[in-house]
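A structural walkthrough
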Amino acid sequence: MAAACSRTLCKVGWSILESPPVRRPGIVSSYLLGNVSTLGSRRAFATGGTGYRSKLLSSLQTGRAGGGGRVLGCAVLVGAGLGLYHTVKFRLQQHLAEEETKVSGGGLKLILYQYKTCPFCSKVRAFLDYHGLPYEIVEVNPVMRKEIKWSDYRKVPILMVDGEVQLNDSTVIISSLRTHLMNKERSMTEILQCYPAMKSVNDRGKEVTEYNNKYWVMLTEAESLELYPDKGIQKEEIKWRTWADEWLVHLISPNVYRTTGEAMASFDYIVREGKFSPMEGFFAKYVGAAAMYIIAKRLKSRHNLQDDVREDLYKAVNDWVAAIGKKRKFMGGDQPNLADLAVFGVLRVMEGLEAFDDMMKNSKVKPWYRRMESASLNHEGRT
């Protein structure tokens, strides 16, 4: 539409410039003015009244309009040129944005079903954000979970790929997507077969589902050398991804529900960020906070945590920073790897709470955390 208007204006401008002086008033009138008196009355509001309008009309409709017509023709051409320039610029920017989305997203349509305050869901978001993968979020009501009633798997996160392939378990989701990014010719259905689900009963008599190979990125030998050029890097990454799932994540609840005050503040945050009805929110905030305060004490005993669970949190993140060392910005070197993203995702759910502020103040994790925050916000893994 804009391009067509610009072309029309160009024709008008050239007609004005090329026409003989005696024809210019008629051409200007037929192309631009229509009813000249109507145009003049419209412009009078901005120009100071009828005196100016009479002067304008006389300049267009008398013999003196020869020079004015040429100026007007030039003005029309300049306006048409600017319109065409902005049209081309807009189309080019739109095309580049579409191409960038195709490259970064690998052509996948991703929908993440989540609880925002869940550390496992936060891990997946950290991966998607860092790699610049476009995705939609469906916040799941943690009471009714009607948003995932269509799924036999009743936990979150769930990632739907292209509306057909369902990925369960945060670690499987991340490993599968990383495999795909290394080789986009492999379909997600094919990749998912590398992580078979195995059902079993745990020591408390509860049926659980585990996924074989879930910490492995499935690569050819050449792809493995590209992603893990130095010996031991892959083994280190798997070790700390496992540590994030099996140890670090279990330090979150005992710390954010450490006292009754912290439990109330945590549930206020959960209700505010989650998807609750007013009644559900009321009961979650007061009844849930009391319940989780008690449960946090049991978790403290189950995982053999110290009386002051903050000390376990400080030690955990300091061990992590020590494993990275002083010569690396991230465990992945100059760029975060999957272990960096997992640890960052788990810790991020405490932001805004007392436990997070204490951790940043009383441990050595802050510089690394801020680098990860920047890398995630700027989608530095997109390239």
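Residues numbered from 1 in each chain as written. Predicted model: local features only at pLDDT ≥ 70, side-chain atom pairs only at ≥ 80, totals over all residues. Heavy atoms only, no water.

Looking at an unreviewed UniProt entry, one finds the protein chain named Prostaglandin E synthase 2, with Champsocephalus gunnari as its source organism. Under the UniProt heading Sequence similarities (unreviewed entry), the entry covering the protein chain gives this text: "Belongs to the GST superfamily." (UniProt positions renumbered as here; feature names shortened; annotations may be inferred.)

**Quick notes on the overall build of the protein chain**
Each helix and strand counted, the protein chain has 17 helices and six strands in total. Looking at the protein chain as a whole, 43% of its 383 residues are labelled buried. Of the roughly 21200 Å² that the protein chain leaves accessible, carbon and sulfur atoms contribute 56%. (Helix = DSSP H or I, 4+ residues; strand = E, 2+ residues; numbered from the N terminus. Buried < 20%, exposed > 50% of the residue type's maximum accessible area, 1.4 Å probe, protein only. Areas by Shrake-Rupley, 256 points an atom, 1.4 Å probe, with all protein chains shown as cover.)

**Remarks on the pattern of salt bridges**
For the coordinates displayed, the defined rule picks out 15 salt bridges. Measuring nitrogen to oxygen at the nearest pair gives 3.9 Å for the salt bridge that ties Arg186 to Glu190. Using a relative accessible area of 17% as the deciding quantity, one classes Arg186 as buried. Asp308 is the partner of Arg258 in a salt bridge, and the nearest nitrogen-oxygen pair spans 3.4 Å. Of the two residues, Arg258 is situated in the loop between α11 (252–256) and α12 (260–273) and Asp308 in the loop between α13 (278–302) and α14 (309–324); the sequence distance between them amounts to 50 residues. Classification of Asp308 as partly exposed rests on a relative accessible area of 34%. (Salt bridge = Lys/Arg side-chain N within 4 Å of Asp/Glu carboxyl O.)

**Observations concerning the pairing of strand β1 (residues 110–114)**
Most of β1 sits inside the fold, with five of its five residues counted as buried. Along β1, one buried face is formed by Leu110, Leu112 and Gln114 and the opposite face, lined by Ile111 and Tyr113, is buried too. As paired strands, β1 and strand β2 (residues 135–139) are joined by five bridges and run parallel to one another. Residue pairing in the sheet places Tyr113 in a bridge with Val138 of β2. Handedness of the crossover joining β1 and β2 through helix α6 (residues 119–130) is recorded here as right-handed. Pairing of β1 with strand β3 (residues 158–161) involves four bridges; the strand directions are antiparallel. In the strand pairing of β3, Leu112 is matched with Leu159. (Pairing = 2+ DSSP bridges. Right-handed = clockwise from strand over helix to strand, strands pointing away.)

**A look at helix α15 (residues 338–348)**
For α15, the buried fraction is high: eleven of the eleven residues fall into the buried class. Inspection of α15 places Leu338, Ala339, Asp340, Leu341, Ala342, Val343, Phe344, Gly345, Val346, Leu347 and Arg348 among the buried residues, and these make up the whole buried set. One side-chain oxygen at the N-terminal end of α15 lies 3.0 Å from the backbone nitrogen of Ala339; it belongs to Asn337. (Polar contact = N/O pair within 3.5 Å; in protein donor to acceptor, adjacent residues only side chain to side chain.)

**Details of the confidence of the model for the protein chain**
Confidence along the protein chain averages 81 in pLDDT terms, with 72% of residues attaining 70 or more. Of the regions scoring below 50 in pLDDT, residues 21–66 engages in 41 contacts with residues more than four places distant in sequence or in other chains. (pLDDT = per-residue confidence, 0-100. Contact = heavy atoms within 4.5 Å.)

**Overview of unusual backbone geometry**
Cis rather than trans, the peptide bond between Val156 and Pro157 has omega equal to 10°. Counting through the fold element by element, Pro157 comes out in the loop between β2 and β3. Of note, His379 is a non-glycine position whose phi angle comes to about 55°, a positive value. Relative to the helices and strands, His379 resides in the segment after α17 (366–377). His379 sits in the partly exposed class, given a relative accessible area of 29%.

**Here we look at the environment of Ser170**
Looking at where Ser170 falls in the secondary structure, it is placed in helix α7 (residues 170–182). Note: C-alpha distance between Ser170 and Arg125 (45 residues apart in sequence) is 9.7 Å. Leave out the neighbours within four places in its chain, and Ser170 touches Phe120, Lys123, Val124 and Pro157.

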